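Survey of secondary and tertiary structure
Below are the chains, spelled out letter by letter.
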Amino acid sequence: MAPSPAPSAAVSAVKTPARWWRSWWRSLSPGRQDRFAALAPLASVLMFLAAIIASFWYLRSEEIEREKEALKRDAEYAQQRVRLRLLERQEQIMRIARDLSNEELERTDFISRADALISQYPELQSITWIDEHRSIRATQSAPTLTSGQLRINGEVLRSGETADLFRLARQLQQPVYSLPAVNAGEATPLLQLQVPLTPQGRFGGVVLAEYSVDHLLRYGTPIEVLARYAVTLVDGKGHVLAGTPLAPRHSGLLPWTTKANAYAIPVSPVGGGLVLRVQAYRTSLGVVGSGLFWLVGTLSVMTSWLLIATWRHTRRRQQAQRALVAETNFRRAMENSVLTGMRALDLQGRITYVNAAFCQMTGWTEAELVGQTPPYSYWPEGEYEKLHANLREELSGKSVPGGFQVRVRRKNGALFDARLYVSPLVDASGEQTGWMTSMTDITEPNRVREQLTASHERFTIVMEALDASVSVAPLGSQELLYANRLYRQWFGSQTTGHLDMVAQAGVPQQSRAGAVGDGDELMDLPLDPLTRTRSENAEIYRPDLGKWLEVRSRYLNWVDGRIAQMVIATDITPRRMAEEQAARQAERAQSVSRLITMGEMASSVAHELNQPLTAISNYCSGMVSRIKGGQLSEEALLSALEKTAHQAQRAGQIIQRIRAFVKKSEPNRTLADVHQMVGEALELAEIELRRHNVRLTHYVAARLPPVMADTILIEQVLINLMKNGAESIAQAQRPPALRAVELRVVPRQVEGNDVIEFTVQDTGRGLAPEVLAHLFEAFFSTKNEGMGIGLNLCRSIVESHHGRMHAENLYNAAEVIGCRFSFWLPLANTAEATINSAASPTPGTIA
């Protein structure tokens, strides 16, 4: 009987995978076979170590889960105990509130019951009775409270979290809890409970109970929980209020994995304001503390180290073989990737080697260039003799270290500039076999250099043609980095003029040591106006030049990295002379304006002087007649003489006021009393107003501070404005009841500065819109005989005192019922500071 073929087919099927692995292994190179032979044991050891780590990790995870369940269970138990204690205290406080609402408790009874509760329950620190006006009626506190947490009878709750809780209790009409915010450096806040009082259905205040969070944790948490865990009470932001938390610990094989050993649960009925956090103490060393784990790990690491060492030893045998191939490929790649053309010549000048960059520059291939002798195909025609000379120097070893520049012709006929660097070519035995030349295309750098040269020439021409002196000097040095033509003409080539102008302008140079560009150095630079990007101008006078100069300065980084100071000085002597002449003309115009004003007031002044003179004459005639008749007693004589002297004094004062007003004087700003200045102006203006039958009223605020002003000039402004108002009323032909001019002097604030405002208001016909547009212009007048300099001078005087003047019409519905002129002057301290900063005669003043 023939054997069955089935078993041999099965054997063939089983051996097929083995044959496949065997054929695959034989197809590998010896190096790869050695690598796989070394890596297979290493992979087995690593897999064994991974299995051990996974086993330990699983056991540790089970242990952590059990700890977390126990922790959660105990935390919920502690939370219920704390909550129950809070509810018991809340019920007791609500009983007190109910008795107070029913008026069954007096103040003494409230204090005694509060003291009993505080003595019995340590967590209660204070019980306070607060009425509906937030005033404390009665309070009782524990002796452990700090002075800052005590409440005083009669005290009113200030705005804050307690007051906010008071409003919430009043709104909700039910007990509310609050935990004030924790501030750094302050004591732990007290947990507050406010129970509203509702006598006869209305809000009558609250009973405020304050708990110590620390005592609440100590006496409310079960002792067995405190023994097993670290229990803390924290607020909603995570700030610890009571208890000592544990530092986070690490567990597991990876040191950066943190074990979740804490459980937090809010404490009702407080809500999100108070959280109970329970942290478990370490009960085991974990996977890292297991000795078996470290034994298995150490053995695995040692086995892996031995296998790796064997594998590395095998690889070193192949490194020497690959080194030569890698070096050759590297040099070839480097030669083909560089942008510098490389050319090798033998000792006779024949080209033996060119790289790809050289071929790309010239356009010829390597086959066309290698083997050429002078003249080479890339030499430009017409420069053979020069290039032959350079080649002879190159072959003789007289090469320049910095290279030399030549022109090279491309295959398409284009020319470009190149720089050649030559070095000897030495073989492995140390003998020179030729010369190696590197060639770099410098066409673009030459073009940029030419543009920079042209730009520098243009810059020099512009700076030399400026009508201003420009100089640059480094900080803390006597070196002058740059000076244009005008600076050299004024000060020569020294730094003295630059430094003198800087010092005279009030910006001394800073001498600094250390690296330029340091952050500290930039912070120490002067922060005066002259150092800003947009600097203000300083005007100084140079006696050696006899010129006024406008100096501007700023700091900049010089080309070498140093911090330098640039100073620009412009000759402003003609402008200063014109300003001084304009000031003198303005003073003359002011004097002329005063004379014109007094000329217009001459008849009124004469009439005003006629009254005291007539009275003096009448008193003297009466005394003579009564003396002749023997009817004059000594007392009557003295009375008549006193009246005569008073009238003479009155006439003298009128003349003195007029002389002081019209007398020419230089501007003299001093501390001026506003009441006295207004009174003198009223005395002179009242004469003119009586002539026009105009009533003058005035109001001057009491206790006005002094102003820094020229009294005569300000009086001139007030008199002109009041006189103009009277003339406007006369031209309008107002009835006697409407013929009035009012002067008001009151303090005000303009743009944040304290000022004194002067307002003159009349009842004339006002000003037309086209007149308002040109009212303060010179030589513009609405009077037929006017010169048009009065209001212009008034505005100039006010602005010279750093004030402002404006005019506006007064309306009653659509009808113009008068005009108001107003101006303001700054107070003495503000005006004095402004005048000192704007004084121009002093060198170095900011204009």
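Residues numbered from 1 in each chain as written. Predicted model: local features only at pLDDT ≥ 70, side-chain atom pairs only at ≥ 80, totals over all residues. Heavy atoms only, no water.

Time to look at the overall build of the protein. In terms of regular secondary structure, the protein is built from 22 helices and 27 strands. Put simply, the protein has 847 residues, and 38% of those count as buried. Counted over contacts in the protein with a minimum sequence separation of 6, partners at least 24 positions apart contribute 58%. For the protein, the accessible surface area stands at approximately 48,200 Å², while carbon and sulfur atoms represent 55% of it. (Helix = DSSP H or I, 4+ residues; strand = E, 2+ residues; numbered from the N terminus. Buried < 20%, exposed > 50% of the residue type's maximum accessible area, 1.4 Å probe, protein only. Contact = heavy atoms within 4.5 Å. Areas by Shrake-Rupley, 256 points an atom, 1.4 Å probe, with all protein chains shown as cover.)

Let's shift gears to the confidence of the model for the protein. Per-residue confidence for the protein averages 78 on the pLDDT scale, and 80% of its residues sit at or above 70. In this model, residues 508-535 is a region of pLDDT below 50 whose contacts with residues beyond four sequence positions or in other chains number 53 contacts. Note on residues 837-847: pLDDT under 50 across the span, and 26 contacts to partners over four residues away in sequence or across chains. (pLDDT = per-residue confidence, 0-100.)

Next up on the list: empty space enclosed by the protein. One pass over the structure, following the stated rule, counts 4 cavities of 30 Å³ or more. Taken as a whole, the largest cavity spans an internal volume of roughly 150 Å³. Of all the elements in the fold, those that place two or more residues in the lining of the largest cavity are helix 10 (384-395), strand 12 (404-409) and strand 14 (432-441). The residue inventory of the lining of the largest cavity, partitioned by class, reads 11 nonpolar, 2 polar and 3 charged. (1 Å grid on protein atoms, 1.4 Å probe; cavity = no way out; pocket = protein on both sides within 12 Å on 5 of 7 lines; lining within 4 Å. Points joined across faces, edges and corners; volume = space filled by probe spheres on them. Nonpolar A, V, L, I, M, F, W, Y, C, P; charged D, E, K, R; others polar.)

Here we take up a positive patch on the surface. A cluster of basic residues, Arg312, Arg315, Arg316 and Arg322, forms a positive patch on the protein surface. Along the chain, arginine 316 turns up in helix 7 (residues 291-337). (Patch = residues over 30% accessible without salt bridge, like charges linked within 9 Å, V, L, I, M, F, W, Y side chains within 5 Å. Salt bridge = Lys/Arg side-chain N within 4 Å of Asp/Glu carboxyl O. Lys, Arg positive; Asp, Glu negative; His and termini not counted. Charge placed at Lys NZ, Arg CZ, Asp CG, Glu CD.)

The next thing to look at is the nonpolar core. Of all hydrophobic cores here, the largest spans 46 residues; its most connected members are Val678, Met722, Val745, Phe758, Phe821 and Phe823. The greatest single-element share of this core, amounting to 9 residues, is contributed by helix 19 (residues 711-732). Sequence-distant contacts of phenylalanine 758, that is, excluding residues within four places in its chain, are made with Val674, Met677, Val678, Leu718, Arg744, Val745, Phe821, Ser822, Phe823 and Leu825. (Core = buried A, V, L, I, M, F, W, Y, C linked by side-chain atoms within 4.5 Å.)

Another point: the side chain of aspartate 346. Within the fold, aspartate 346 resides in strand 10 (residues 341-346). On the accessibility criterion, aspartate 346 (13% relative accessible area) is buried. Within polar-contact distance, the side chain of aspartate 346 engages the backbone nitrogen of glutamine 348 at 3.1 Å. Here the side chain of aspartate 346 touches arginine 350 through a polar contact of 2.7 Å, landing on its backbone nitrogen. Setting aside chain neighbours within four positions, we find aspartate 346 in contact with Thr352, Leu395, Thr433, Gly434 and Trp435. (Polar contact = N/O pair within 3.5 Å; in protein donor to acceptor, adjacent residues only side chain to side chain.)

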